[in-house]
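Summary of the model geometry
If you want the building blocks of each chain, they are given just below.
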Amino acid sequence: MSKKELTRNFILLLSLLFVFIAAAAAWFVAASRGWVRNPEFESVDAITSQIDTDGGYYNGMELTGYDVVLNPVSGLGSTDADGRVLLYEPVITPFTEAEPMEGAWRLATGGSNEAVFDDENNTARVSYLDYFSVIHTNGQAMVALSSDSNVIPVAGDYTEDPSKKSRYGDFSIDYIAGAVRIAFIICTPTDNSQVTGELAFDAYGRLCNVLSVDEDGKPETLSDPIDYEERLSLIWVPNCHYELTDTYVDVSGSGDMVLDHSEFTTEGTAESAYYYYNGTEKAQYTSDMYVADMGGYQAFADSLWLNPVTNTYSACIKVRIWIEGYDREASVALEGGMFDTEIYLLTIQEAS
């Protein structure tokens, strides 16, 4: 399947719903309680499952209450030693099947593309969205992404809302849900002597000690950041069987191809490979980087970190969401689509 052209002005509105085991958190809509469904596993007795924000963060800016407009970018969503999120945007050309041009890319973060707020329309345009969670348990366990998680088109059938019909075919633009990427990043302290109690993330996604909590037990005052390392553990490719086929034509005869029409199915063939820009060239996901079709769950933290002060186990997790410009569904045919996200994270141990 040939890759479609994607304009840099791609607009995507999104609302999010996170549901964690042993805790419920409201983001833009009310959440329900998560649970472990696989009978071969049981939930660890979780002390808390801390959620640090109701609306997500981008480069330290809180986005609570805004509909988020995501510009398409490319990368693995990991962070380098200088704290820069390695997601890239094209500067000169849009995403195409051709190899990226030298000098035609830049980091979509670090000041080159800060959030743009539109208070009149209640939107915030960003390159990615971060959520932070610190899960605490009484015993050793692993953390997994449940197959109950999903990325859902807000209007899968455009007949429910005619404004959602694509200009290029008989399908809803909300099927942009097929171009989403979600990375799970584990943060672990590197110097336990800096740990003085429970940990939490600040607005920039840095690990800190909790110095005080509010009346609801949520972190209120944090220390300066402690030393820690980040590990990109998993990239989730949801809706891998969404298949968009774009047809381009040379209208003027000049060789300048223009999108003519598209076809879409939710039961198509998954892409044979997934690609991203790595800062130098177009590259391919290796098999250990990602999961597309899941069974009951997909573990991404095989063991939890033992807090030497509280003697409890913790998983400090960043969840990073973006639209992958090299995905098959990242097409102008789906421009303006909306999706909801439900992410169930399970803390589980083998049943005795």
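Remember, it's a predicted structure, so these values are computed and weren't measured experimentally.

A separate point is the overall build of the chain. Looking only at helices and strands, one finds 0 helices and 29 strands in the chain. Within the span of the chain, comprising 352 residues, buried residues form 51% of the whole. Carbon and sulfur atoms make up 45% of the accessible area of the chain, which totals about 15400 Å².

Attention now moves to the confidence of the model for the chain. Here the chain averages 78 in pLDDT, while 80% of its residues score no lower than 70. Of the regions scoring below 50 in pLDDT, residues 1-54 engages in 201 contacts with residues more than four places distant in sequence or in other chains.

On to the nonpolar core. Among soluble globular proteins, nonpolar side chains are generally buried collectively. Grouped together as the largest cluster of nonpolar side chains are 65 residues, with contacts concentrated most on Ile182, Phe184, Phe300 and Ile317. Sorting elements by how many residues they give to this core places strand S28 (residues 313-323) first, with 7 residues.

Another point: the pattern of salt bridges. Evaluated as defined, the whole model comprises 11 salt bridges. As a salt-bridge pair, Asp80 and Arg84 come within 2.7 Å of each other at their nearest N and O atoms. One network of salt bridges, in which partners are shared, links Glu243, Arg328 and Glu329.

We now examine the layout of surface pockets. When its volume is computed, the second largest pocket comes out at roughly 350 Å³. Lining the second largest pocket are 23 residues, and of these Thr79, Gly83, Val85, Tyr204 and Lys318 lie nearest its centre. Broken down by secondary-structure element, the contributors of at least two residues to the lining of the second largest pocket are strand S5 (57-58), strand S13 (129-137), strand S20 (228-236) and S28. Here the residues of the lining of the second largest pocket are counted per class, giving 9 nonpolar, 7 polar and 7 charged.

Here we take up the packing of aromatic side chains. Inspection of every chain in the model, using the stated rule, returns 15 aromatic pairs. On the basis of an interplanar angle of 25° and a centroid distance of 4.3 Å, the ring pair of Tyr175 and Phe264 is categorised as stacked. Residue Tyr175 is located in the loop between strand S15 (150-153) and strand S16 (180-189), and its partner Phe264 is located in strand S22 (residues 257-265); the two are separated by 89 residues in the primary sequence. The class of Tyr175 is buried, set by a relative accessible area of 12%. Ring plane angle 40° and centroid distance 5.5 Å describe the contact between Tyr276 and Tyr285, whose orientation is recorded as tilted. The burial state of Tyr276 is the same as that of Tyr285; both residues are buried.

Taken together, the 3 strands give an open sheet; going across it, the order is S17-S18-S19, and neighbouring strands pair in antiparallel fashion. The open sheet has two free edges, formed respectively by strand S17 (199-201) and strand S19 (219-225), since each of these has just one partner strand. For this sheet, the mean inter-axis angle between neighbouring strands, taken without regard to orientation, is 55°. Here S17 pairs with strand S18 (residues 207-213) via 3 bridges, running antiparallel. Paired with Leu199 across the strands is Asn209, a residue of S18.

Looking now at the environment of Pro189. Along the chain, the position of Pro189 falls in strand S16. For the pair formed by Pro189 and Cys208, sequence separation is 19 residues and the distance between their alpha carbons is 9.6 Å. Those residues in contact with Pro189 that sit more than four places away from it in its chain are Val195, Leu199, Leu207, Ile226, Asp227, Tyr228 and Trp305.

Position of Asp130 among the secondary structure elements: in strand S13. The class for Asp130 is buried, based on a relative accessible area of 5%. Within the structure, Asp130 has its side chain in polar contact with the side chain of Arg320 (distance 2.7 Å).

Before going further, it helps to spend a moment on the environment of Ile152. Following the sequence through the fold, Ile152 ends up in strand S15. The class for Ile152 is partly exposed, based on a relative accessible area of 32%. Not counting chain neighbours up to four residues away, the residues in contact with Ile152 comprise Ala177, Met338, Phe339, Asp340 and Glu342.

What follows concerns the side chain of Asp174. By the element assignment, Asp174 lies in the loop between S15 and S16. Look past the residues within four positions of Asp174 in its chain and what remains in contact with it is Pro153, Val154, Ala155, Lys164, Gly337 and Met338.

Cut-offs used in this document
Residues numbered from 1 in each chain as written. Predicted model: local features only at pLDDT ≥ 70, side-chain atom pairs only at ≥ 80, totals over all residues. Heavy atoms only, no water. Helix = DSSP H or I, 4+ residues; strand = E, 2+ residues; numbered from the N terminus. Buried < 20%, exposed > 50% of the residue type's maximum accessible area, 1.4 Å probe, protein only. Areas by Shrake-Rupley, 256 points an atom, 1.4 Å probe, with all protein chains shown as cover. pLDDT = per-residue confidence, 0-100. Contact = heavy atoms within 4.5 Å. Core = buried A, V, L, I, M, F, W, Y, C linked by side-chain atoms within 4.5 Å. Salt bridge = Lys/Arg side-chain N within 4 Å of Asp/Glu carboxyl O. 1 Å grid on protein atoms, 1.4 Å probe; cavity = no way out; pocket = protein on both sides within 12 Å on 5 of 7 lines; lining within 4 Å. Points joined across faces, edges and corners; volume = space filled by probe spheres on them. Nonpolar A, V, L, I, M, F, W, Y, C, P; charged D, E, K, R; others polar. Phe/Tyr/Trp six-rings, centres within 6.5 Å; stacked < 30°, edge-to-face > 60°. Pairing = 2+ DSSP bridges. Axes fitted to C-alpha atoms, helices over the stretch in contact; angles between N-to-C directions. Polar contact = N/O pair within 3.5 Å; in protein donor to acceptor, adjacent residues only side chain to side chain.

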